[in-house]
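Commentary on secondary and tertiary structure
Below are the chains, spelled out letter by letter.
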Amino acid sequence: MNHLSALILAAGKGTRMPSPRPKVLQTLLGETMLTLVTATLHAMDRVEDIFTMVGCEAAMVAAEAEAAAARLGRKAFCIEQKEQKGTGHALMTAMPFLEGDGRLLVVNGDAPLLTADVLDRFLDGAEGADVAFLSLELDDAASYGRVVREQGAVKAIVEAKDFDPAVYGPREDAHEVNTGIYLFSLPAVRRLLPKLSNDNKSGEYYITDLVSLGLAEGMDVRGIRAEGSGCDGNALLGVNNPVELAAAEELLQKRRNAAILASGVVMHGLSGIRISPLSAVEPGAEIYGPCEIYGSSVVKSGARIRSHCVIRDAVIDGGVEMREFCHIEGAEVRSGAIVGPYARLRPQALVDEKAHVGNFVELKKTYLGKGSKANHFTYLGDTEVGPGVNFGAGTITCNYDGKNKFRTVVGANCFIGSNSSLVAPVTIGDGALIGAGSVIVDDVPAGKMALGRGRQVVKDRKA
């Protein structure tokens, strides 16, 4: 009975979100709403299994659910709702995959501001209930399902379009709304689902009807009012259109920055700093806005990130100086290195300790050894560089022949003259010198000098 599973409802398209992608794949701070909800559930120790209900663009949403689970060290369980006939129908579709007599927490995939603290308080209040839901007081109930009570006791949840003031009282007095967050005991759900009807204006099966059905069966049904921080409508009621998406992203940015500041990170130009909830910034780091840090990035204590940098899925060690206007993706920069300004590190680039990557330098799938320098206008792709190497301005490795990629190896303490082209596959031995302007197509032995350029010819200048 203590086993707790979670079900994320993510089958709908979201007709008010004009986009070719399903609504749950819209992003805030670089993360999809589905990933943020998955991460919140993952942060809760008591949630053991996470299921995602997919429907519209099922393969696309399932792929995102699997990617999110993999990033968090979990396995994804996706269930396809081939026909979207309402939230109650989604629960019907999920039931064959839910075994045992445990409990099920149901949340919406479009609630990216939902926090583990809010859900934990809800679960505490719902302990032992057959059916429980989280409610919220709003000044304007708008189109949300109304909670109907009698002398404080829950009587029903009524969808806005089915709310009849003659039956339930004036609409303007119905300020308590359903957030779409539920906790069910699986035995209770199995008993109630066969009684669920789609006899309503939408012709859909509402999960909310399980409240009145449970009461009719004499079950323990609870409506738990949200309390504490993170319980405002923006946090709990989800995102439905571009205006709400922008507002939610702004709130998430402020919440994230406040937490990072409180941890001991120095932040300049706070309003321009955007950091993914899945990224980590250690106390003692220093960040200058505007700056964007996305994905599973890690910025360690003592790193300094200057303005206008974009960092995604990268590791920045302590003691790194990241100068202005750098783009870093899937790369690692080790202690004491200097990167930028205007540098680009692409996936699988590794800049070792005290190495320098300067202005308009691009590295892709390249290891730049300790203390090595590529300070100006250089491209190194599929390259392994030893320690103490200096690349002159304009050096490139020619790693692609139109069909295949090839590697370049540059040994320790080499000097590569300006405007040189190293045509892979090629190896430059330790301590070798490459003359400026050379095109190197053959291996260069250690300690040798190589020139690969046409002989200069001087002629009389013609008028």
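Shown above is the structure to which this text applies.
Bear in mind the structure is a predicted one, so any value in this text is a computation, not a measurement.

**Focus on helix 2 (residues 58-71)**
In a regular helix each residue adds 1.5 Å, so 14 residues correspond to 20 Å; helix 2 covers 20 Å between its end C-alpha atoms and thus fits that length. Within helix 2, the full set of buried residues consists of Ala58, Val61, Ala62, Ala65, Ala68 and Ala69. Summarising the axial view, the buried residues of helix 2 lie within an arc of 125 degrees, below the 170-degree limit, and thus occupy one face. The outward face of helix 2, more than 90 degrees from its buried face, is lined by the exposed residues Ala59 and Ala70.

**Focus on the sheet that holds strand 35 (residues 408-410)**
As summarised here, the arrangement of the nine strands in space is 14-17-20-23-26-29-32-35-38, forming an open sheet in which the pairing is parallel. Two strands close off the open sheet at either side, each with one partner strand: strand 14 (280-281) and strand 38 (426-428). Bridge count between strand 23 (residues 332-333) and strand 26 (residues 350-351): two bridges; the pairing is parallel. For Val333, the partnering residue across the bridge sits in strand 26 and is Val351.

**Considerations on the pattern of salt bridges**
Pairs can form between side chains of opposite charge whenever their charged atoms are close. In total, this model carries 23 salt bridges according to the counting rule given. In this structure, the salt-bridge partner of Arg103 is Glu127, at a minimum N-O distance of 3.6 Å. In this pair, Arg103 is assigned in strand 6 (residues 103-108) and Glu127 in the loop between helix 4 (116-125) and strand 7 (131-137), connecting sequence segments 24 residues apart. Given a relative accessible area of 11%, Arg103 falls into the buried group. Residue classification places Glu127 among the partly exposed positions, given a relative accessible area of 42%. Measuring nitrogen to oxygen at the nearest pair gives 3.6 Å for the salt bridge that ties Lys195 to Glu217. Placement of the pair is Lys195 in the loop between helix 6 (186-192) and helix 7 (209-216) and Glu217 in the loop between helix 7 and strand 11 (221-225), with a sequence separation of 22 residues. On the basis of relative accessible area, Lys195 is assigned to the partly exposed category, the value being 43%. Here the salt bridges do not stand alone but share partners, grouping Glu137, Arg149, Glu176 and Arg225 into one network.

**Concerning the nonpolar core**
Counting 50 residues, the largest nonpolar core has Ile316, Met322, Ile328, Leu345 and Ile428 as the members making the most contacts within it. Those residues in contact with Ile428 that sit more than four places away from it in its chain are Val409, Val410, Gly411, Cys414, Ile416, Ile434, Ile440 and Val444. Val24, Met44, Ile50 and Ile181 belong to the second-largest nonpolar core, a separate cluster that totals 39 residues.

**Some points on the side chain of Asn241**
Mapping Asn241 onto the fold places it in the loop between helix 8 (233-236) and helix 9 (242-263). Filtering out sequence-adjacent residues up to four positions away, Asn241 remains in contact with Arg16 and Met17.

**With respect to empty space enclosed by the protein**
Per the stated rule, a full pass over the model turns up one cavity of 30 Å³ or more. Its volume calculated, the largest cavity comes out at about 80 Å³. In this structure, the largest cavity is lined by Ile8, Thr38, Ile50, Phe51, Thr52, Ala65, Ala69, Arg74, Lys75, Ala76, Phe77 and Cys78. Residue assignment for the lining of the largest cavity shows that the elements contributing at least two residues are strand 4 (49-54), helix 2 and strand 5 (77-80). Looking at the lining of the largest cavity, the element that brings in the most residues is strand 4, giving three residues. For the lining of the largest cavity, the class distribution of residues is eight nonpolar, two polar and two charged.

**Section: the sheet that holds strand 30 (residues 373-376)**
Read across the open sheet, the eleven strands follow the order 12-15-18-21-24-27-30-33-36-39-41; overall the sheet is parallel. Both outer strands of the open sheet, strand 12 (266-268) and strand 41 (449-450), are each paired with one neighbouring strand and no more. The pairing of strand 24 (residues 338-339) with strand 27 (residues 356-359) spans two bridges and is classified as parallel. Considered in strand 27, the bridge of Ile338 is made with His356.

**Comments concerning the state of the cysteines**
Going through the model one piece at a time under the given rule, you end up with zero disulfides. The thiol sulfur of Cys56 is not disulfide-bonded, and the nearest other cysteine sulfur, from Cys78, lies at 14 Å. A relative accessible area of 18% means that Cys56 is categorised as buried. Under the relative-accessibility criterion, Cys78 is labelled partly exposed at 29%.

Parameters at a glance
- Residues numbered from 1 in each chain as written.
- Predicted model: local features only at pLDDT ≥ 70, side-chain atom pairs only at ≥ 80, totals over all residues.
- Heavy atoms only, no water.
- Helix = DSSP H or I, 4+ residues; strand = E, 2+ residues; numbered from the N terminus.
- Expected span 1.5 Å × (residues − 1).
- Buried < 20%, exposed > 50% of the residue type's maximum accessible area, 1.4 Å probe, protein only.
- Arc of directions from axis to C-beta.
- Pairing = 2+ DSSP bridges.
- Salt bridge = Lys/Arg side-chain N within 4 Å of Asp/Glu carboxyl O.
- Core = buried A, V, L, I, M, F, W, Y, C linked by side-chain atoms within 4.5 Å.
- Contact = heavy atoms within 4.5 Å.
- 1 Å grid on protein atoms, 1.4 Å probe; cavity = no way out; pocket = protein on both sides within 12 Å on 5 of 7 lines; lining within 4 Å.
- Points joined across faces, edges and corners; volume = space filled by probe spheres on them.
- Nonpolar A, V, L, I, M, F, W, Y, C, P; charged D, E, K, R; others polar.
- Disulfide = S-S within 2.5 Å.

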